[in-house]
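Fold and geometry: a report
Spelled out from the first residue to the last, the chains are:
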Amino acid sequence: MHIDDAILPLRIRGLSYRPNGRAVLAGLELELGIEGITLVLGANGSGKTMLLRAICGLIEPSAGRIEWGPAGEGGRPRAGVMMLFQHPMMLRSSVLDNVALGLRPLGVPAPERRRRAMAMLERIGLADRAGDSARQLSGGEQQRLALARAWLTGPRLLLLDEPTASLDPSATAEVERIVREIRTDGTRIVMVTHNLGQATRLGDDVIFMAAGRVCEHTPVQRFFSRPQSEEARLFIQGELPWHMRF
Amino acid sequence: MSAFAATFTDAVSLLVTFDHRVAEIVGLSLRVSGAAVVLGALIGLPLGACLAVARFPGKSVLTVLVNGLMGLPSVVVGVVVYLFLSRSGPLGEFGLLYTPPAMVVAQTLLVVPLMAAIARQVVDDAWQRYEEELRMLRFSWWRSVTTLLHDCRHSLLVALLAGLGRAMSEVGAVMIVGGNIDRATRVMTTAIALETSKGDLALAIALGIVLIFLILALNALAFGLRHWAIRRFG
Ligand SMILES: Nc1ncnc2c1ncn2[C@@H]1O[C@H](COP(=O)(O)OP(=O)(O)OP(=O)(O)O)[C@@H](O)[C@H]1O
Ligand SMILES: [Mg+2]
């Protein structure tokens, strides 16, 4: 199912991004192992979304490099990396067509695309909405649709940007269930969230970002019980002052 | 007053009796402008979408050019096409001047910039929003173009109807390259101009009523289509 298994582990070395002089990513260092769910925490503007965009090659870093796989190959990410945006694209067509979208560039023939997309909809509980217009789904249903679309392409590494940001508790639980299932399927997951409870429920490890750097990268339990940095401690208590955020 | 009323009554009777002259002229108008819009859409819509999605040097120059050409005076297009199609022109050997195909060519040239400009605008808006996600899904730029054209199909159909309106109500280009020949290249606008100058106001008014009715109908169709699309697809 997986297109390319050799992109993990992933090492990011000295990654910087300065679009207008200001460092949005400032010499970021990070290692991602071959499995698990990593939660990314950090204040608004600390560079979480930028990190995900850099990993999937949507921005050109000003300095540093990303090394893919055991051989540490550089360059652009290959197939197998997929990112879920906070406001996912919903084309003016059916739910089924929107889910099947990612299979088109892979050269999967149309009937097969529909069959696989339908099976995916069954899995995420949207099968009865297959023929509806995707734009008329609720926010939570759209998030699930986008998750299904990304999952269907069989990514090795899936980057999720606040997939539960505007969802109610049961929709959140539903998305979390799907995320766990995708992980069990063998996909490495990196997920940005502002929900600390979610981090403890889902995460194997936590990346805490501040000012465009990875401030801490530790197992979840340790992060909450014994945060290493002053920033992280204040962040967990909800008291991170403005001057320490960017 | 009574002369005016009489003319108007004559015009209406031409319409209700389905006068064959009126029918012939309206039919040719619809065929010529319809063909021009179909050709114009086939060229203009992909052109506009490519202009929105592709990256190449000179892109902004071309964009300004296309937008500017939208307001092209139809007589100018008429003269240019005339020069190309006239006996001594580069395409003179085909003998197209003063035939309906010549009128289709001229109107196509008028409609292409309109279609391209609208398509560029509509597709560009969608591209701004979806570019990263389409790249993420590994859509080639051409696949992105076709996907976005399909996604914007309702707005573009409205553009098509606008193009048909522009083509049907245009007079300068068809007059010059068609020559307004009776039963051959006479369309609504050229007939209205001629009949008015000849003093046959009844026919001119009858054709004017048909033209206005068609334009209104196109607009109503466009309006209905938009609402349907919004309700159906959000
Ligand atoms: N194109 C850009 N040019 C310049 N600065 C940018 C650009 N895009 C984002 N930034 C800046 O980069 C910083 C990091 O943005 P990013 O979106 O990664 O934050 P984030 O951690 O995801 O925040 P949030 O929790 O609010 O989503 C912000 O201060 C933002 O203003
Ligand atoms: Mg963000």
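Residues numbered from 1 in each chain as written. Chains lettered and ligands numbered in written order. Predicted model: local features only at pLDDT ≥ 70, side-chain atom pairs only at ≥ 80, totals over all residues. Heavy atoms only, no water.

**Looking at the overall build of chain A**
Summing up its helical and strand segments, chain A has eight helices and nine strands in all. Here the C-alpha atoms of chain A give a radius of gyration of 18 Å, agreeing with the 18 Å that 2.2 N^0.38 yields for 246 residues. For the C-alpha atoms alone, the extent of chain A along its principal axes is close to 55 × 40 × 35 Å. In chain A, 67% of the contacts between residues at least 6 apart in sequence involve partners at least 24 apart. Of the accessible surface of chain A, which amounts to about 10200 Å², a share of 48% is contributed by carbon and sulfur atoms. (Helix = DSSP H or I, 4+ residues; strand = E, 2+ residues; numbered from the N terminus. Rg over C-alpha atoms; globule rule 2.2 N^0.38 Å. Contact = heavy atoms within 4.5 Å. Areas by Shrake-Rupley, 256 points an atom, 1.4 Å probe, with all protein chains shown as cover.)

**Quick look at the nonpolar core**
Core analysis: the biggest nonpolar cluster contains 126 residues, and L28, L121, L157, L159 and V179 of chain A together with M188 of chain B have the highest contact counts within it. In this structure, L28 of chain A is in contact with I12, R13, G14, L15, L51, M209, G212, R213 and V214 of chain A, ignoring residues within four places of it in sequence. Ranked by size, the runner-up nonpolar core spans 16 residues in total, among them A36, A106, L110 and V177 of chain B. (Core = buried A, V, L, I, M, F, W, Y, C linked by side-chain atoms within 4.5 Å. Buried < 20%, exposed > 50% of the residue type's maximum accessible area, 1.4 Å probe, protein only.)

**Comments concerning the packing of aromatic side chains**
Within the structure shown, the criterion is met by five aromatic pairs over all chains. Consider the rings of F223 of chain A and F224 of chain A, whose centres lie 5.2 Å apart with planes at 85 degrees: the pair is edge-to-face. What makes F223 of chain A buried here is its relative accessible area of 0%. Overall, F224 of chain A belongs to the partly exposed group, its relative accessible area being 22%. Three or more aromatic residues link up through ring pairs in this structure, and these residues are F208, F223, F224 and F235 of chain A. Between R129 of chain B and the ring centre of Y130 of chain B, over which it is positioned, the NZ or CZ distance is 5.1 Å. (Phe/Tyr/Trp six-rings, centres within 6.5 Å; stacked < 30°, edge-to-face > 60°. Lys NZ or Arg CZ within 6 Å of the ring centre and 35° of its normal.)

**Some words on the environment of L149 of chain B**
Residue and element names in this part refer to chain B. Note that L149 resides in helix α6 (residues 141–151). As a C-alpha pair, L149 and C50 span 99 residues in sequence and 9.9 Å in three-dimensional space. With sequence-adjacent residues up to four places away left out, L149 is seen in contact with L45, P46, A49, V123 and L156.

**Let's talk about the interface of chain B and chain A**
Taken together, the 21 residues of chain B in the interface contact 28 residues of chain A. Contact between chain B and chain A buries roughly 2200 Å² in total, counting both sides, with carbon and sulfur atoms accounting for 54%. Run the count over chain B and chain A and you get three salt bridges. Where R92 of chain A meets D151 of chain B, a salt bridge forms, and the shortest distance between an N and an O atom there is 3.3 Å. At the boundary of chain B and chain A, one finds 10 residue pairs in polar contact (both at pLDDT 80 or more). Considering each element in turn, the side of chain B that touches chain A owes the most residues, seven residues, to helix α5 (residues 100–136) of chain B. Considered class by class, the residues forming the side of chain B that touches chain A number eight nonpolar, three polar and 10 charged. (Buried area = accessible area lost by both parts, 1.4 Å probe. Salt bridge = Lys/Arg side-chain N within 4 Å of Asp/Glu carboxyl O. Polar contact = N/O pair within 3.5 Å; in protein donor to acceptor, adjacent residues only side chain to side chain. Nonpolar A, V, L, I, M, F, W, Y, C, P; charged D, E, K, R; others polar.)

**Examining the packing of helix α9 (residues 188–198) of chain B against helix α10 (residues 201–233) of chain B**
Residue and element names in this part refer to chain B. For the pair α9 and α10, interaxial distance at closest approach is 8 Å and the crossing angle is 150 degrees. Comparing their axes, α10 and α9 come out roughly antiparallel. Relative to α10, α9 is oriented so that their crossing is left-handed. Listed contacts from α10 to M188, T189, A191, I192, E195 and T196 of α9 are L201, L203, A204, L207, G208, V210, L211 and L214. (Axes fitted to C-alpha atoms, helices over the stretch in contact; angles between N-to-C directions. Parallel < 35°, antiparallel > 145°, perpendicular 65-115°, else oblique. Left-handed = near helix turned anticlockwise from the far one by under 90°.)

**A few points about the sheet that holds strand β7 (residues 188–192) of chain A**
All names here are of chain A. Strand order in the open sheet formed by six strands is β5-β6-β7-β3-β8-β9, and the pairing between neighbours is mixed. Two strands in the sheet have a free side with no partner beyond their single neighbour: β5 (81–84) and β9 (213–219). Taking the axes of each pair of neighbouring strands and ignoring which way they run, one obtains an average angle of 20 degrees across the sheet. In this sheet, strand β8 (residues 205–210) lies alongside strand β3 (residues 37–42) in parallel orientation, the contact comprising five bridges. Of the residues in β8, the one forming a bridge with V40 is I207. Each of β5 and β6 (157–161) touches helix α4 (residues 139–152); the most contacted strand, β5, lies at about 175 degrees to it. (Pairing = 2+ DSSP bridges.)

**Brief notes about α10 of chain B**
Helical periodicity: at 3.6 residues per turn, an α-helix aligns residues three or four positions apart in one direction. Between its first and last C-alpha, α10 of chain B extends 47 Å over 33 residues, near the 48 Å set by a 1.5 Å rise per residue. Positive phi appears at G234 of chain B, one or two residues downstream of α10 of chain B, with a value of about 75 degrees. (Expected span 1.5 Å × (residues − 1).)

What is shown is where atoms sit, not what they do.
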